[in-house]
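Analysis of the macromolecular model
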Amino acid sequence: MDLVQGHFRKAASSFDSLYDEDSPVQKVLRPTLFNRREGAARLVRTKTSPRVLDIGCGSGRVAERLLESGAGSYVGVDFSEPMIALAHERLARFGDKVTLLTGDFLATEIEGPFDVVIAVGFWDYIAEPDAFVRKMFSLTAEGGVTYGSFPRWTWSKGPFRYVRYEMVNHCPIFNYTERELQFLFRAAGFSRVDFEDSGDGWLVYATR
């Protein structure tokens with residue numbers, strides 16, 4: 001985890017730029033980023049002024065879209081101080097609807113429950129996801145939905161991601177299968193697990 005934390009402390013600004021909607025290059029090269037953000041926004045719009053928790057909230061790019069889509073309140077947590085600093089700047093216009101916490105999700109005290117729990121661009125770096133999913137379940141309201149984006153191995157992107165993250169940046173990354181994810185969320189207690197194919201991964205909607 002220390003390697004991952006170090007990577008995102010150093011790469012906060014470059015990660016933030018990946019969501020630059022004014023860049024046609026980013027939209028062409030990284031459609032999955034925008035697809036998973038829009039999936040989260042669609043989920044928020046299915047509920048009335050939901051209370052939202054965003055794990056690994058980063059620079060607030062996803063949060064911005066969730067708040068614009070009708071989130072009644074938003075709590076974001078991330079262990080990268082530079083990411084949280086960027087999020088404070090980006091989300092200042094939403095005032096007291098927003099609470100941002102700096103820290104490890106598993107060790108951070110968070111007052112639930114939440115109607116929507118989000119974790120996108122997060123699971124790529126989690127070696128042992130079980131504890132995270134269990135805590136997410138505990139913070140999800142009855143009838144609430146936990147939503148996450150999970151990468152899967154593809155020959156088109158897998159080797160590139162391995163070289164970029166593991167070999168160059170010394171940041172471990174992980175992939176998932178649909179079967180593994182079904183077991184992971186069911187074991188945590190979620191009653192229903194739905195999947196959407198994002199091209200090079202899965203968008204998971206787990207209902208408590």
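Structural notes, computed from the coordinates. As the structure is a computational prediction, the values presented were derived from the model and not from experiment.

Re the overall build of the protein chain
A count of helices and strands for the protein chain gives nine helices and seven strands. Out of the 208 residues belonging to the protein chain, those deemed buried represent 52%. If you take every contact in the protein chain between residues at least 6 apart in sequence, the share linking residues at least 24 apart comes to 68%.

Examining unusual backbone geometry
For the bond from Gly112 to Pro113, the omega torsion is 0°, close enough to zero to count as cis. Tracing the backbone shows Pro113 in the loop between strand E3 (98–102) and strand E4 (114–119).

Focus on the nonpolar core
Within the largest apolar cluster, 28 residues are counted, with the highest numbers of intra-cluster contacts made by Leu53, Ile55, Phe105, Trp123, Leu181 and Phe185. Going through the elements one at a time, strand E1 (51–55), strand E2 (73–78), E4, helix H7 (130–139), helix H9 (178–188) and strand E7 (201–207) are the ones with two or more residues in this core. Tallying contributions element by element places H7 first for this core, with five residues. Not counting chain neighbours up to four residues away, the residues in contact with Phe185 comprise Val133, Thr146, Phe150, Phe190, Val193, Val204 and Ala206. Counting 24 residues, the second-largest nonpolar core is a separate cluster that includes Leu43, Leu67, Tyr74 and Tyr147.

Remarks on H9
Here H9 has its buried residues at Leu181, Leu184, Phe185 and Ala188. Burial along H9 is one-sided: seen end-on, the buried residues are contained in an arc of 85°. Those residues of H9 that are exposed and angled more than 90 degrees off the buried face are Arg179, Phe183 and Ala187. Where H9 ends, the next residue or the one after it, Gly189, has phi of about 120°, a positive value.

Comments concerning the sheet that holds E4
The sheet built from seven strands is open, its strands ordered E3-E2-E1-E4-E5-E7-E6 with mixed pairing. What marks the edges here is a single partner per strand, and that holds for E3 and strand E6 (192–197). With direction set aside, neighbouring strand axes in the sheet form an average angle of 15°. With five bridges joining them, E1 and E2 adopt parallel strand pairing. Note that in E2 the partner of Leu53 across the bridge is Val75. On top of the sheet, H7 reaches E1, E4 and strand E5 (140–151); it is set at about 150° to E5, its chief contact.

Concerning the environment of Asp115
Along the polypeptide, Asp115 turns up in strand E4. Here the alpha-carbon distance between Asp115 and Ser49, two residues 66 residues apart in the chain, equals 9.2 Å. In contact with Asp115, other than residues within four places in its own chain, are Lys47, Pro50, Arg51, Ala141, Gly144 and Val145. There is a polar contact of 2.8 Å between the side chain of Asp115 and the backbone nitrogen of Arg51.

Quick look at the packing of aromatic side chains
Counted according to the given criterion, the structure contains 11 aromatic pairs. Ring plane angle 85° and centroid distance 5.8 Å describe the contact between Phe150 and Phe185, whose orientation is recorded as edge-to-face. On the criterion of sequence distance, the pair formed by Phe150 in strand E5 and Phe185 in helix H9 is long-range, its members being 35 residues apart. Taking relative accessible area as the criterion, Phe150 reaches 2% and is therefore assigned buried. For Phe185, a relative accessible area of 1% puts it in the buried group. Where Phe195 meets Trp202, the ring centres are 6.0 Å apart and the plane angle is 80°; that geometry is what we call edge-to-face. One aromatic cluster is present, built from ring pairs that chain together Phe105, Phe122, Trp123, Phe132, Phe137, Phe150, Tyr176, Phe185 and Phe190. Taking the ring centre of Phe137 as reference, the NZ or CZ of Arg208 above it sits at 4.0 Å.

Describing the pairing of E3
Direction of pairing for E2 relative to E3: parallel, over a ladder of five bridges. Bridging across to E3, Tyr74 finds its partner in Val98.

Thresholds applied
- Residues numbered from 1 in each chain as written.
- Predicted model: local features only at pLDDT ≥ 70, side-chain atom pairs only at ≥ 80, totals over all residues.
- Heavy atoms only, no water.
- Helix = DSSP H or I, 4+ residues; strand = E, 2+ residues; numbered from the N terminus.
- Buried < 20%, exposed > 50% of the residue type's maximum accessible area, 1.4 Å probe, protein only.
- Contact = heavy atoms within 4.5 Å.
- Core = buried A, V, L, I, M, F, W, Y, C linked by side-chain atoms within 4.5 Å.
- Arc of directions from axis to C-beta.
- Pairing = 2+ DSSP bridges.
- Axes fitted to C-alpha atoms, helices over the stretch in contact; angles between N-to-C directions.
- Polar contact = N/O pair within 3.5 Å; in protein donor to acceptor, adjacent residues only side chain to side chain.
- Phe/Tyr/Trp six-rings, centres within 6.5 Å; stacked < 30°, edge-to-face > 60°.
- Lys NZ or Arg CZ within 6 Å of the ring centre and 35° of its normal.

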